Amino acid sequence: MTDRHEFSVASTRDIHIGRILALRIDEVRMPGGNTASREVVEHLGAVAVVALDDDGTLVLVDQYRHPVGRRLWELPAGLIDAGEDPLVAAKRELVEEVGVVASDWSVLVDMAVSPGFTDEAIRVYLATGLSTVDHEVLGDEEADMVADRVPLEQAVRMVLSGEIVNAAAVGGVLAAFAVDSGAAAPRVPDAPWTDEPTRFAQRS
């Protein structure tokens, strides 16, 4: 087998650095010796949680998403703070968004959201052994958020009918159904995460 080309970066320049993402342009060495410009969006990375209760229901939130101009059904989710352990972030978001804690955690699925232009990745956890706790509503978006408990099988139907389109929710619901049906097993909560974004966090 012949050696495969190594796509190294000849140069890079920043276009925009914001609060949760940055845009840079890399000049990448291509097979044949030429270079090509590649726009790359750096992101903090995120976590989402399938919080599955003993009765087979999971927690969904209905939240306004401005880029698509409408509310979407999603899993409890949020950004990973710079230097924060992803599992710690998942536990924090589950409390902050829906006032739920869990005694058992595992990894369902890791997702490279759109690797053609961004390093954004999401780790989706499975949380069981649920109980409710008091929580404080943080920010205007959270004040508008609506939470509901939906049977897992209904959530699968919502995915397949197009009612759930958020990528983390689609992947998390289907992965949870696979685990619940015995078709697959989740990973340990501290499983290696090859594509966890780090570059934007290192800027701070």
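Below is a short write-up of the structure. Note that the coordinates shown come from a computational prediction; the quantities given were computed from them, not determined experimentally.

Next up on the list: the overall build of the protein chain. In terms of regular secondary structure, the protein chain is built from five helices and 10 strands. Based on the C-alpha atoms only, the size of the protein chain along its principal axes is roughly 60 × 45 × 30 Å. When burial is assessed residue by residue, the protein chain has 39% of its 204 residues classed as buried. Excluding contacts between residues fewer than 6 apart, the proportion of contacts in the protein chain whose partners are at least 24 apart in sequence is 60%. For the protein chain, the exposed surface amounts to about 11400 Å²; the carbon and sulfur share of it is 51%. The distance from the centre of the 17 positive side-chain charges to the centre of the 35 negative ones in the protein chain is 8 Å.

Next up on the list: the pattern of salt bridges. Side-chain pairing between opposite charges can occur once the charged atoms of the two side chains come close. Going through the model one piece at a time under the given rule, you end up with 14 salt bridges. The salt bridge involving Arg203 is made with Asp14; its shortest N-O contact spans 2.7 Å. Taken together, the positions of Arg203 in helix α5 (residues 199–203) and Asp14 in strand β1 (residues 9–17) put the pair 189 residues apart, joining distant regions of the chain. On the basis of relative accessibility, which here comes to 32%, the residue Arg203 falls in the partly exposed class. Here Asp14 falls in the partly exposed class, since its relative accessible area comes to 42%.

A word on the sheet that holds strand β4 (residues 46–51). Ordered by their spatial adjacency, four strands build an open sheet running β7-β4-β9-β8, and the pairing between neighbours is mixed. The open sheet terminates on both sides in strands that have one partner only, identified here as β7 (77–79) and β8 (100–112). The sheet shows a mean angle of 25 degrees between the axes of neighbouring strands, direction not considered. Here β4 pairs with β7 via three bridges, running antiparallel. Its bridge partner lying in β7, Ala46 is registered against Leu79. Sheet strands touched by helix α4 (residues 167–180): β4, β8 and β9 (121–132). Its angle to β8, the strand with the most contacts, is close to 110 degrees.

Below, the discussion takes up α4. Taking 1.5 Å per residue as the helical rise, α4 with its 14 residues ought to reach 20 Å, and the 20 Å between its terminal C-alpha atoms agrees with that figure. Taken residue by residue, α4 has Ala168, Ala169, Gly171, Gly172, Val173, Ala175 and Ala176 as its buried positions. At its buried positions, α4 is contacted by β4, β6 (70–74), β8, β9 and α3 (152–161). Regarding α4, its N-cap is Asn166, as a side-chain oxygen of that residue lies 3.1 Å from the backbone nitrogen of Ala168 further along. Where α4 terminates, the next one or two residues include Gly182, which has phi positive at roughly 90 degrees.

The three strands lie next to each other as β6-β5-β10, forming an open sheet whose pairing is antiparallel. Each of the sheet's edge strands pairs with one partner strand only, and the pair in question is β6 and β10 (146–151). Mean inter-strand twist for the sheet, computed between neighbouring axes without regard to direction, equals 30 degrees. Note: strand β5 (residues 57–65) against β6, five bridges, orientation antiparallel. Paired with Asp62 across the two strands is Trp73, which belongs to β6.

Conventions used here
Residues numbered from 1 in each chain as written. Predicted model: local features only at pLDDT ≥ 70, side-chain atom pairs only at ≥ 80, totals over all residues. Heavy atoms only, no water. Helix = DSSP H or I, 4+ residues; strand = E, 2+ residues; numbered from the N terminus. Buried < 20%, exposed > 50% of the residue type's maximum accessible area, 1.4 Å probe, protein only. Contact = heavy atoms within 4.5 Å. Areas by Shrake-Rupley, 256 points an atom, 1.4 Å probe, with all protein chains shown as cover. Lys, Arg positive; Asp, Glu negative; His and termini not counted. Charge placed at Lys NZ, Arg CZ, Asp CG, Glu CD. Salt bridge = Lys/Arg side-chain N within 4 Å of Asp/Glu carboxyl O. Pairing = 2+ DSSP bridges. Axes fitted to C-alpha atoms, helices over the stretch in contact; angles between N-to-C directions. Expected span 1.5 Å × (residues − 1). Polar contact = N/O pair within 3.5 Å; in protein donor to acceptor, adjacent residues only side chain to side chain.

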